[in-house]
Amino acid sequence: MTEQLAVAVLGAGGRMGSEAVKAVEAAPDLKLVAALGRGDSLETLVSAGAQYVVDLTVPDSTEANVRFAVEHGMHAVVGTTGWDAERLERLGALLEEHPGTAVLIAPNFALGSVLASAFAAKAARYFESVEVIELHHPDKIDAPSGTAVRTAQLIADARAEAGVAPSPDATTKEVPGARGADIDGVRVHSVRLRGLVAHQEVLFGGAGEQLTIRHDSFDRASFMPGVLLGLREAAAHPGLTVGLDGYLNLNA
Ligand SMILES: NC(=O)C1=CN([C@@H]2O[C@H](COP(=O)(O)OP(=O)(O)OC[C@H]3O[C@@H](n4cnc5c(N)ncnc54)[C@H](OP(=O)(O)O)[C@@H]3O)[C@@H](O)[C@H]2O)C=CC1
Ligand SMILES: O=C(O)C1=N[C@H](C(=O)O)C[C@H](O)C1
C-alpha cells in the first residue's frame, strides 16, 4: 500500500469538522495526525507532521490558518466561508511564494451542489431573470452562504460574457432587505430555519416559463466525498483553486 497522507482537521469539534474527522479516520489512504479546535496552537500541525490541513472553522480564523499551512508547506483544503476577493488575492500572492503548495477553497463540497452551480452558470445566458434562494440551519453565522455567493458570481460572469441585460426589476419602494443581497447584480435571498441543513434554489424566469435548479444537503455526510476528493487531488493542483469544480473534469 502507498504511504498514507497525513491530515490535520481544524475546527474538529464543529458540525463539519467532526464529520471530517470521522471521514478521514475511515479512509484507508489517509491518516488523521491532528484534530484542533479554537485555542489550540497551530504549531501542533508541525509537530504532528501534517502534510494536509482541512479548515472547517470560522470566517475570522480561516485566513490565518491557511496562511500558516502554506508557509509550512502543507496543502490546504478549505470549506470555511468568508473568502472574499481581497482574501483570495492575498492568498494567491502567498502561494506564488510557495509554488509547490496547493490550496482548494471549496464553497461547497457536495458534488450535487457543485453540479447545480455549474448547471446554473450554463443556463444563465438563456433567461431574462435570475434570482438565488439559499436556505440553511439557523446556527449558521454568515449570510448569504458562500455557495450562494459563488453561484451568483458564476451566473453574473456568464451573463456578462454573453451580454445579457440585468434582470428586470421595477422596485422603487422597498423595505430594506426585501429584495435580498445584490451579488454582482444577482439577487440572493437567505432563509434560516430549524430543521434545514443546506439547500439552494436558482430560479430562472423567461416569458411564460421558469427553470428551477435545486440542490439539497439533508446531512453533512453529503460533503465528505468532496472533502476526501479535495485531499486526494490537492497535490496535483498546486496554487490556488476556487471551487471543487476545479478538480473535476465537468466538460468531459
Ligand atoms: N464547503 C462546504 O461544503 C461546507 C462549508 N461549511 C462552512 O464551514 C464552516 C464551519 O461550519 P460548521 O461546522 O457548521 O460550524 P461550527 O461552528 O459547527 O464549527 C466551527 C468550529 O471551528 C472551531 N473554531 C473556531 N475558531 C477556530 C480556530 N481558530 N481554530 C480551530 N478551530 C476553530 C469552533 O470552535 P468553537 O465552537 O469553540 O467556536 C467550532 O468547533 C462555516 O464557514 C460553514 O459555512 C459548512 C458546511 C459545508
Ligand atoms: O454553514 C453551512 O452549513 C454551510 N456552509 C457553506 C456555505 O456557506 O455555502 C456550504 C453549505 O451551504 C453549508
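Rules used in this analysis
- Residues numbered from 1 in each chain as written.
- Chains lettered and ligands numbered in written order.
- Predicted model: local features only at pLDDT ≥ 70, side-chain atom pairs only at ≥ 80, totals over all residues.
- Heavy atoms only, no water.
- UniProt positions renumbered as here; feature names shortened; annotations may be inferred.
- Phe/Tyr/Trp six-rings, centres within 6.5 Å; stacked < 30°, edge-to-face > 60°.
- Helix = DSSP H or I, 4+ residues; strand = E, 2+ residues; numbered from the N terminus.
- Buried < 20%, exposed > 50% of the residue type's maximum accessible area, 1.4 Å probe, protein only.
- Near = heavy atom within 4 Å.
- Polar contact = N/O pair within 3.5 Å; in protein donor to acceptor, adjacent residues only side chain to side chain.
- Areas by Shrake-Rupley, 256 points an atom, 1.4 Å probe, with all protein chains shown as cover.
- 1 Å grid on protein atoms, 1.4 Å probe; cavity = no way out; pocket = protein on both sides within 12 Å on 5 of 7 lines; lining within 4 Å.
- Sits in = over half its atoms within 2 Å of the grid points.

- In the nomenclature of an unreviewed UniProt entry, the protein is known as 4-hydroxy-tetrahydrodipicolinate reductase of Arthrobacter citreus.
- What UniProt states about the protein under its Sequence similarities (unreviewed entry) heading is, verbatim, "Belongs to the DapB family."
- Recorded in UniProt for the protein, the comment headed Subcellular location (unreviewed entry) runs: "Cytoplasm".

### What about the packing of aromatic side chains?
Thought 1: In this structure the tally under the stated criterion is one aromatic pair.
Thought 2: With 5.4 Å between their ring centres and 35° between their planes, Phe127 and Phe204 make a pair best called tilted. Of this pair, Phe127 sits in the loop between helix H5 (111-123) and strand E6 (129-136) while Phe204 sits in strand E9 (residues 198-206), placing them 77 residues apart in sequence. Pair check on accessibility: Phe127 and Phe204 agree, each one buried.

### Describing the site of ligand 1
Thought 1: Taken together, 20 residues are adjacent to ligand 1, and Arg15, Met16, Arg38, Thr81 and Phe109 come closest.
Thought 2: Note that an oxygen atom of ligand 1 is positioned 2.8 Å from one of the side-chain N or O atoms of Thr81.
Thought 3: Within the backbone of Ala106, one N or O atom sits 2.9 Å away from a nitrogen atom of ligand 1.
Thought 4: A total of 920 Å² of accessible area belongs to ligand 1 in isolation, and the protein chains cover 77% of it.
Thought 5: Most atoms of ligand 1, that is more than half of them, are within 2 Å of grid points of the largest pocket.

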